[in-house]
Structures are given as structure tokens and as C-alpha cells.
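Letter by letter, the chains look like this.
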Amino acid sequence: MIFTETKLAGAFTIDLELREDSRGFFARAFCQNEFAEHGLRPVIAQANIAFNRRKGTMRGMHFQFPPAAETKFVRCTRGAILDIIVDLRPESPTYLDHVGVELSADNHRAIYVPERFAHGYQVLEDSTETSYQVGEFYTPGVEGGLMYNDPALNLTWPLEVTEISEKDNNWRPFDEVEDELKQRMALDPSSGAELEAAR
């Protein structure tokens, strides 16, 4: 696997190293040892698949608060998406910065999303399927979200939104929740310096 750190510390794009022959190719898509060597959490608590019927479908921007903050390892296995992550770590020098990456069945690229990041994507082709492994169990009591078009995030999406869930269309404005978000996302001093460990 080829690990490339983004401008957001601890967030990586991961490309396959293809071993090709007349049959096609073989590639390792996950390895606990390689993840650990790059300072990533090699833990998979749950694995999810999302199928999206329509181009333009929006999912996000989702996260879980500590103590159930989750990592995500996201890949598009059919079709294509624009995947965007937002740094919500209050102590981070890139707080509220974002990175966008196109993931597709053709490029086989994946993105590793650290804890305390918002994550979302827009579907670029009909009948698109995504797969993601998460490092923490789904915990409804600590889930949160931000609007995909919140002006405070300054995100640019390539298409008109054709489908979005009622929940994702009704997250509160960032300006109303920032104080609470900062407080709940603050790094617990007793848990160690996560951001430094990710460098």
C-alpha cells in the first residue's frame, strides 16, 4: 500500500500497489502492521456498505464525539464519489480546514479519516457503492453532524444535490454549535497527545 499524508495531520490517502499479470491484479487493501507503522489506528470495530442510486446524492457531514470518536477507512467499490473530510480538533493548527479526494472503482484509492473529523461525500455516478471500516461502534448518543453547505466550512461540491436525508438536511448551523463542539472535541489531557502521535 502507498500511504500519502494530506495537509491534515494523521489523514492519509492510501493507494494500492498492484501486482499485475494476465489474469488482472492482486493487491493488499488493509494491513494492521502497515497502518501501525504510519501511526494509524489499525482497529476495525464495524464494516459498512452504502449504496447510492442517484448521481448527486449527498451523505454527511458526520462524526462521533469522544469517548466514541471513530476513525474511518473509506473506499468506493462501484462508481465514484468526492469525499471530503474536515478537521474538528480544536487544538489542531488546521482546525476547520478540509481535504477533498475523488474515490472511484477505477482508481481504487481509499482515505483514512482520523478521530474527531467530520466526513461526507457526494456521489458522482448513478449506482455508486462505498465501503467503510470504522474504528468505533456506532453510538447514537454521541453522533453529530454539520451541514454540507455550511458557509463556515467553505466546502465546494461538484454537483447539484439530488438526494439527501432529512437528518443531514437539518443539522444546526456551525455558528450555533461551535462552542459545544470545541468543548466536546477537546483532547482529554489524560489520553495523550493524539495530534502529536499522528505526525
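Residues numbered from 1 in each chain as written. Predicted model: local features only at pLDDT ≥ 70, side-chain atom pairs only at ≥ 80, totals over all residues. Heavy atoms only, no water.

### Examining the confidence of the model for the protein
Link 1 in the chain: Chain-level pLDDT for the protein is 93 on average; 94% of the residues reach the 70-or-more range.
Link 2 in the chain: Within the model, pLDDT remains below 50 along residues 189-199, and this stretch shows 16 contacts once partners closer than five positions in the same chain are excluded. (pLDDT = per-residue confidence, 0-100. Contact = heavy atoms within 4.5 Å.)

### Considering the environment of leucine 16
Link 1 in the chain: For leucine 16, the location among the structural elements is in the loop between strand E2 (12-15) and strand E3 (19-21).
Link 2 in the chain: Relative accessible area serves as the criterion here: at 17%, leucine 16 is assigned to the buried category. (Helix = DSSP H or I, 4+ residues; strand = E, 2+ residues; numbered from the N terminus. Buried < 20%, exposed > 50% of the residue type's maximum accessible area, 1.4 Å probe, protein only.)

### Description of the pairing of strand E7 (residues 72-78)
Link 1 in the chain: In terms of burial, E7 is a largely internal element, 5 of the 7 residues being buried.
Link 2 in the chain: Across 4 bridges, E7 lies against strand E10 (residues 110-113) in antiparallel orientation. Bridging from a neighbouring strand, lysine 72 pairs with valine 113 of E10.
Link 3 in the chain: Here E7 pairs with strand E12 (residues 128-134) via 6 bridges, running antiparallel. Opposite phenylalanine 73, over in E12, you have glutamine 133 as the bridge partner. (Pairing = 2+ DSSP bridges.)

### Digging into the side chain of lysine 72
Link 1 in the chain: With respect to the secondary-structure elements, lysine 72 resides in strand E7.
Link 2 in the chain: If sequence neighbours within four positions are ignored, lysine 72 has contacts with His62, Ile111, Tyr112, Val113, His119, Gln133 and Val134.

### A short note on the sheet that holds E2
One key point about sheets: their strands pair by backbone hydrogen bonds, in either a parallel or an antiparallel sense.
Link 1 in the chain: In spatial order, the strands read E1-E2-E10-E7-E12-E5; together these 6 strands make up an open sheet with antiparallel pairing. Since the sheet does not close on itself, it has two edges, and those belong to strand E1 (2-5) and strand E5 (46-52), each with one partner. Strand-to-strand twist in this sheet, taken as the mean axis angle between neighbours without regard to direction, amounts to 25°.
Link 2 in the chain: Relative to E2, E1 runs antiparallel, the two being bridged by 4 bridges. Looking at E2, one finds that phenylalanine 3 is bridged to isoleucine 14. (Axes fitted to C-alpha atoms, helices over the stretch in contact; angles between N-to-C directions.)

### Regarding the environment of glutamate 180
Link 1 in the chain: Inspection of the secondary structure puts glutamate 180 in helix H2 (residues 174-185).
Link 2 in the chain: For glutamate 180 and arginine 116, which are 64 residues apart along the polypeptide, the C-alpha to C-alpha distance reads 14 Å.

### Remarks on the sheet that holds strand E9 (residues 98-104)
Link 1 in the chain: The sheet built from 5 strands is open, its strands ordered E9-E8-E11-E6-E13 with antiparallel pairing. Every other strand in the sheet has two partners, leaving E9 and strand E13 (143-145) as the edge strands with one partner each. Recorded for the sheet is a direction-independent mean angle of 25° between the axes of neighbouring strands.
Link 2 in the chain: Sheet topology places strand E8 (residues 80-87) next to E9; 7 bridges connect them, and they run antiparallel. Note on E9: the bridge partner recorded for isoleucine 85 is valine 99.

### Comments concerning the environment of alanine 9
Link 1 in the chain: Following the sequence through the fold, alanine 9 ends up in the loop between E1 and E2.
Link 2 in the chain: A relative accessible area of 11% places alanine 9 in the buried class.
Link 3 in the chain: Alanine 9 sits 83 residues away from serine 92 along the chain, and the two C-alpha atoms are 8.5 Å apart.

### Points about unusual backbone geometry
Link 1 in the chain: Cis geometry is adopted by the peptide bond preceding methionine 61, which originates at glycine 60 and carries an omega value of 5°.
Link 2 in the chain: With an omega of 10°, the peptide bond running from proline 66 to proline 67 counts as cis.
Link 3 in the chain: Inspection of the secondary structure assignment puts proline 67 in the loop between strand E6 (58-64) and E7.
Link 4 in the chain: Notably, leucine 96 is not glycine yet its phi reads approximately 75°, a positive angle.

### Considerations on the side chain of glutamate 70
Link 1 in the chain: As for its placement among the helices and strands, glutamate 70 is situated in the loop between E6 and E7.
Link 2 in the chain: On the accessibility criterion, glutamate 70 (12% relative accessible area) is buried.
Link 3 in the chain: Apart from the residues within four sequence positions on either side, glutamate 70 is in contact with Gln64, Val113, Pro114, Glu115, Val134 and Glu136.

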